[in-house]
Amino acid sequence: MLSNGAASSMEVDGATPAPNSEPSSLPVKPNFEPLTAHEISGGVVQFRRVSVPPHRYTPLKKAWLDIYNPIYNEMKIDIRMNLKSRKVELKTKPETPDISNLQKCADFVQAFMLGFNIPDAIALLRLDELYIESFEIKDVKTLRGEHLSRAIGRLSGKGGKTKFAIENATRTRIVIADTKIHILGSFASIKVARDSLCSLILGSPAGKVYSKLRAVAARLAERF
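Below or above, wherever it landed, is the structure these notes cover.

Some thoughts on the sheet that holds strand β5 (residues 173-177)
Reasoning step 1: The three strands are arranged β4-β6-β5 in an open sheet whose pairing can be described as antiparallel. The open sheet has two edge strands with one neighbour each: β4 (131-136) and β5. Between one strand axis and the next, the sheet turns by 15 degrees as a mean value, whatever way the strands run.
Reasoning step 2: As paired strands, β4 and strand β6 (residues 180-185) are joined by six bridges and run antiparallel to one another.

Given below as structure tokens:
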């Protein structure tokens, strides 16, 4: 006759599955479709408004289709001109593929308002890591009268030669609007261009700035 301990051990042995038995089938892994930009924002329409300065009103009318087509057709963002408030209004719609498109379009329109050409400004829609930095001559050095005029002349150079040289060496675009300077480019390129422009404002001759720019541009080319 078997003892109680032997019976319990037999029960445990009977409960263990055989090594050749198949494991129980797992539930099918769910496959969820990615959320659209409209669903991510909770179905809320997002807006951006860009003010139009008086001196950019006429250029905006002439170049409206060049601005409208890439924003509406490629980025899937609604755009209109509010004539009462004189602002360009942008908003998302259900077909917008990415929520960041709204900010890219706002930056593109803002770049045009600052004076950049459309072929240059449209890079803000196509490329990431592009920025616009603005500063004034008085932020670098307080100049008045003829001294200010000469500083602006040094920045541009004869026929824009100095400005074009800085743009080509640093792969940026520069707009000099009276005493305000706007630079469009990557973070590192903007820093190099800004340092060159600040040197010119402080009175450095163009030749010295060119030689320093050539060395820095060569280092940037090696890095990238």
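Following the structure, the description resumes.
So, the packing of aromatic side chains
Reasoning step 1: Under the criterion given, the structure shown has two aromatic pairs.
Reasoning step 2: Judged by centre distance (5.3 Å) and plane angle (15 degrees), the rings of Y68 and Y72 are stacked. Pair noted here: Y68 and Y72 are both in helix α4 (residues 64-74), with a separation of four residues, about one helical turn.
Reasoning step 3: Y68 sits in the partly exposed class, given a relative accessible area of 25%.

Some points on the sheet that holds strand β1 (residues 47-51)
Reasoning step 1: Spatial ordering of the open sheet is given by β1-β3-β2, a layout of three strands whose pairing is antiparallel. With one partner strand each, in any of the chains shown, β1 and β2 (78-82) form the two edges of the open sheet. Each neighbouring strand pair of the sheet contributes to a mean axis angle of 20 degrees, computed without reference to strand direction.
Reasoning step 2: Sheet topology note: the β2/strand β3 (residues 87-91) ladder contains five bridges and is antiparallel.

Notes on the packing of helix α10 (residues 161-170) against helix α11 (residues 187-201)
Helix-helix packing is characterised by the crossing angle of the two axes and by the distance between the axes.
Reasoning step 1: It is at 9 Å that the axes of α10 and α11 come closest, and there the two elements cross at 155 degrees. One element, α10, and the other, α11, form an angle in the roughly antiparallel class. Crossing angle aside, the handedness with which α10 passes α11 is right-handed. In contact with T162, I166 and T170 of α10, α11 contributes S189, V192, A193, S196, L197 and L200.
Reasoning step 2: Its residues assigned to classes, the contact of α10 with α11 comprises five nonpolar, four polar and no charged.

Conventions adopted
Residues numbered from 1 in each chain as written. Predicted model: local features only at pLDDT ≥ 70, side-chain atom pairs only at ≥ 80, totals over all residues. Heavy atoms only, no water. Pairing = 2+ DSSP bridges. Helix = DSSP H or I, 4+ residues; strand = E, 2+ residues; numbered from the N terminus. Axes fitted to C-alpha atoms, helices over the stretch in contact; angles between N-to-C directions. Phe/Tyr/Trp six-rings, centres within 6.5 Å; stacked < 30°, edge-to-face > 60°. Buried < 20%, exposed > 50% of the residue type's maximum accessible area, 1.4 Å probe, protein only. Parallel < 35°, antiparallel > 145°, perpendicular 65-115°, else oblique. Left-handed = near helix turned anticlockwise from the far one by under 90°. Contact = heavy atoms within 4.5 Å. Nonpolar A, V, L, I, M, F, W, Y, C, P; charged D, E, K, R; others polar.

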